[in-house]
Amino acid sequence: MKKIILGLLIICGLGIFSQSAEDIVKKVDDNSTFDTYKATGKVIIEGKYGKRTSEFLAYAKGADDSIIEFITGEEEGQKIFKTEDDLYIKYPYAEEIQRLSRKKTLGAVSYDEMSGERNTLKNYSVTILREEQINDSTVWVIKMIAKTSKVAHYKQEIFVDQSNYVPIKVLYYSKSGKLTKEMLALRVKKVGDKFMAT
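Counting restarts for each chain: residues are numbered from 1 in the order of the written sequence. With pLDDT at 70 or above as the cut-off, local features in this predicted model cover only qualifying residues; side-chain atom pairs require 80 or more to be listed or tallied, and sums for whole chains, interfaces and linings still use all residues. As a rule here, side-chain values come from all non-hydrogen atoms in the structure, and water together with hydrogens is ignored.

## Quick look at the packing of aromatic side chains
- Note on ring pairs: Phe, Tyr and Trp rings are taken, using the six-membered ring of Trp, and paired if centres are within 6.5 Å. Classes follow the plane angle, with under 30 degrees stacked, over 60 edge-to-face and the rest tilted. Taken as a whole, this structure holds 3 aromatic pairs when the rule is applied.
- When the ring of F56 is compared with that of F70, the centres are 6.2 Å apart and the planes differ by 65°; the resulting orientation is edge-to-face. Of the two residues, F56 is situated in strand β3 (residues 50-61) and F70 in strand β4 (residues 65-70); the sequence distance between them amounts to 14 residues.
- Residue burial is assigned from relative accessible area. The probe radius is 1.4 Å, only protein chains are included, and a residue is buried under 20% of its type maximum, exposed over 50%, and partly exposed in between. Exposure remark for F56: the relative accessible area of 1% places this residue in the buried category.
- Ring geometry for Y91 versus Y93: centroids 5.5 Å apart, planes at 15°, classification stacked.
- Geometrically, a charge over a ring is one whose NZ (Lys) or CZ (Arg) sits within 6 Å of the ring centre while staying within 35 degrees of the ring normal. Taking NZ or CZ as reference, K181 lies 5.0 Å from the ring centre of Y172, over its face. Secondary structure elements follow DSSP: runs of H or I no shorter than four residues count as helices, runs of E no shorter than two count as strands, and numbering proceeds from the N terminus.

Spelled out as structure tokens, the structure:
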């Protein structure tokens with residue numbers, strides 16, 4: 001299993017008891033959706049050959065459109081464009097953009113994850129598994145099963161902070177049930193009237 005820590009983590013998620021899983025998922029998506037948005041991020045990939053880091057700028061408009069531009073690392077100069085249904089890449093040496101599979105990865109991180117999924121219920125069915133405590137946070141643990149083969153992961157478990165609807169931990173599984181990786185949010189900050197991992 002690979003372990004990835006994202007300096008910027010914008011993902012999807014959740015629900016329980018007084019709220020349905022679908023209601024909580026919608027709030028998580030709403031929490032990470034802005035009219036316009038700009039952020040910096042860092043991907044740290046740790047594997048058997050050591051650790052490497054790539055930094056990027058992220059721009060988004062609404063729930064569907066986003067751009068990621070890598071500014072350091074092996075991917076420096078690459079740009080990823082995401083629309084509601086498609087994902088594209090522009091290499092610094094190429095004149096044209098190319099369509100990407102949503103399963104295409106940077107190490108163990110899919111470009112789809114980095115650009116942020118904000119239409120979770122379109123692609124996943126969701127179920128509340130339990131509540132638990134992570135450090136000082138009470139979280140909902142939400143199981144998400146893919147409705148389509150287009151998404152990067154068949155199954156996810158999202159650990160959502162009940163105080164702010166931010167996923168602070170995500171577990172990814174293969175269709176066979178094997179845990180393939182884990183993501184952790186480093187920090188959570190308030191941006192306007194919303195909260196997000198940074």
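## Quick word on the environment of T120
- Looking at the secondary structure, you find T120 in helix α3 (residues 120-123).
- Since its relative accessible area comes to 0%, T120 is described here as buried.
- Separated by 26 residues in the primary sequence, T120 and A146 have C-alpha atoms spaced 9.5 Å apart.
- Within polar-contact distance, the side chain of T120 engages the side chain of D29 at 2.8 Å. Between N or O atoms, a polar contact is any pair within 3.5 Å; within protein, one atom must be a potential hydrogen donor and the other a potential acceptor, and residues adjacent in sequence are included only when both atoms are from side chains.

## Quick word on helix α1 (residues 21-31)
- Among all positions of α1, only A21, I24, V25, V28, D29 and N31 are buried. The arc that holds every buried residue of α1, seen down its axis, measures 160°, which confines them to one face.
- In the core, the buried residues of α1 are packed alongside α3, β10 (124-134), β11 (137-146), β12 (155-161), β13 (167-173) and β16 (194-197). What the arc measures is the spread of directions leading from the helix axis to the C-beta atoms. Throughout, a contact is declared for two residues whenever any of their heavy atoms are within 4.5 Å.

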